[in-house]
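Working through the structure, step by step
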Amino acid sequence: MSIKPEKPYKDILFEVKDQVAWITINRPRVLNAFREQTLDEMIDAVKLTREDPSIACIVFTGAGDKAFSAGGDFYAMKRLTFTNGSMWNDRMLGLAMAIRGVPIPVIAMVNGWCVGGGHELALWCDLVIGSEKSVFGQTGAKVGACPTVGATQYLPRIVGERIAREMIFLAKRFEAKEAESIGLINKCVPEADLLKETLAWCENIKSNSSQTIRMTKKSLNFESDQLYASWQHGMELLAYVWGSEESLEGMNAFLEGRKPDFQKFRLKNKAALEEYLDGFRKNLNAPPDMRD
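Predicted, not measured: the structure shown is a model, and the values here were computed from it. (Residues numbered from 1 in each chain as written. Predicted model: local features only at pLDDT ≥ 70, side-chain atom pairs only at ≥ 80, totals over all residues. Heavy atoms only, no water.)

1. Considerations on the overall build of the protein chain
- When helices and strands are tallied, the protein chain shows 14 helices and 10 strands.
- Seen along its three principal axes, the alpha-carbon backbone of the protein chain occupies a region of about 80 × 35 × 35 Å.
- Taking all 292 residues of the protein chain together, the buried fraction comes to 48%.
- Sequence-distant contacts in the protein chain: of pairs separated by 6 or more residues, those separated by 24 or more amount to 71%.
- When the accessible surface of the protein chain is summed, it comes to about 15,900 Å², and 53% of that surface belongs to carbon and sulfur atoms.
- Charged side chains of the protein chain number 37 positive and 38 negative; the gap between the two group centres comes to 2 Å. (Helix = DSSP H or I, 4+ residues; strand = E, 2+ residues; numbered from the N terminus. Buried < 20%, exposed > 50% of the residue type's maximum accessible area, 1.4 Å probe, protein only. Contact = heavy atoms within 4.5 Å. Areas by Shrake-Rupley, 256 points an atom, 1.4 Å probe, with all protein chains shown as cover. Lys, Arg positive; Asp, Glu negative; His and termini not counted. Charge placed at Lys NZ, Arg CZ, Asp CG, Glu CD.)

2. Here we look at helix α7 (residues 161–169)
- Of the positions making up α7, those classed as buried are A164, M167 and I168. Viewed end-on, α7 has its buried residues packed into an arc of 90°, placing them on one side of the element. The outward face of α7, more than 90 degrees from its buried face, is lined by the exposed residues R162 and F169.
- Here the buried face of α7 lies against α4 (117–124), β8 (135–137), α5 (140–143), α6 (151–159) and β9 (173–175).
- Among the residues trailing α7, A171 stands out with phi positive, at a value near 50°. (Arc of directions from axis to C-beta.)

3. Section: the packing of aromatic side chains
- As enumerated under the stated definition, the model contains 4 aromatic pairs in all.
- Summarising the aromatic geometry, the rings of Y9 and F14 are spaced 6.3 Å apart at their centres and angled 90° between planes, so their arrangement reads as edge-to-face. The exposure classification of Y9 matches that of F14, with both residues buried.
- When the ring of F82 is compared with that of Y240, the centres are 4.6 Å apart and the planes differ by 40°; the resulting orientation is tilted. A residue pair is termed long-range when its members are at least 10 positions apart, and F82 in the loop between α2 (74–77) and α3 (85–101) and Y240 in helix α12 (residues 228–241) qualify at 158 residues. (Phe/Tyr/Trp six-rings, centres within 6.5 Å; stacked < 30°, edge-to-face > 60°.)

4. Some details on a positive patch on the surface
- Residues K47, R50, R214 and K218 make up a contiguous surface patch of positive charge.
- For K218, a relative accessible area of 52% translates into the label exposed. (Patch = residues over 30% accessible without salt bridge, like charges linked within 9 Å, V, L, I, M, F, W, Y side chains within 5 Å. Salt bridge = Lys/Arg side-chain N within 4 Å of Asp/Glu carboxyl O.)

5. Some points on the sheet that holds strand β6 (residues 113–115)
- Reading across from one edge, β4-β6-β8-β9 is the order of the 4 strands in this open sheet, with mixed pairing throughout. Of all strands in the sheet, those bounded by a partner on one side alone are β4 (67–69) and β9. Across this sheet, the average inter-strand angle for adjacent strands is 20°, counted without regard to direction.
- Bridging between β8 and β9 involves 3 bridges; their strand directions are antiparallel. (Pairing = 2+ DSSP bridges. Axes fitted to C-alpha atoms, helices over the stretch in contact; angles between N-to-C directions.)

6. A look at the nonpolar core
- M42, F60, L95 and W124 are the most contacted members of the largest nonpolar core, which has 64 residues in total.
- Broken down by element, the residue count for this core peaks at 7 residues, all from α3.
- Excluding anything up to four places from it in sequence, F60 contacts I23, M42, V46, F68, L95, I99, V106, I107, A108, M109, L121 and C125.
- Among the nonpolar cores identified, the runner-up in size contains 14 residues, and W22, A56, I129 and W201 belong to it. (Core = buried A, V, L, I, M, F, W, Y, C linked by side-chain atoms within 4.5 Å.)

Rendered as structure tokens:
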């Protein structure tokens, strides 16, 4: 009997075919950006595969031909604050841990945009294959968000410190061919061959020992599993970002199709610091009756 979720999914498609579980983010209207419900369904789908040991691997992909995932849905993220941010952050960590903890390989099959949180999703996967039209990158610096739930931990280990910092600080994007050349993805193929090549990978995995794969995936994850504390630290940093004026400026600018004005926050901070230093010079950091 094929495995099925307890309730029908609304944001994703789930299918097990020929011992491969396919999880498709089905929100093409927003470039497969995910919200809380999407994350819950992806977590459930990954864990559901544990109920069928004949499943050899999982493939994540996005509906349509424009995006794997553009990351978090800004209409969802704009609602976040320091108080409720854990409701989002814990889901992100939960999906990452589900992908890394499941005892079978997880493949990201990417066609189109794979940026922001969508790129972090690909980073959590064991293997990444992309079509020639794919674009990979971290957009947090452009929209006032922080990629601290995977990107800051994994990118330095995958592509090295220099490129990782370039991707994050400069929001640099890589087209698929260049992404392959720097080791950011495993393989770049023509769009017409993407599904065929992914299926070939799945067939290869099916012919190999599931016991060996389970043990070696756990062993391969050992060192980076020690980064759990860094994830927790990163999520706490992210909690302070949610709901801030700067993050809302970035997300609103994106939704309104304009360039964000982050410079005003630098100038505001400069004015605040100048006021503090002026008070220091005037001895305002002492009780009134003790000032010169």
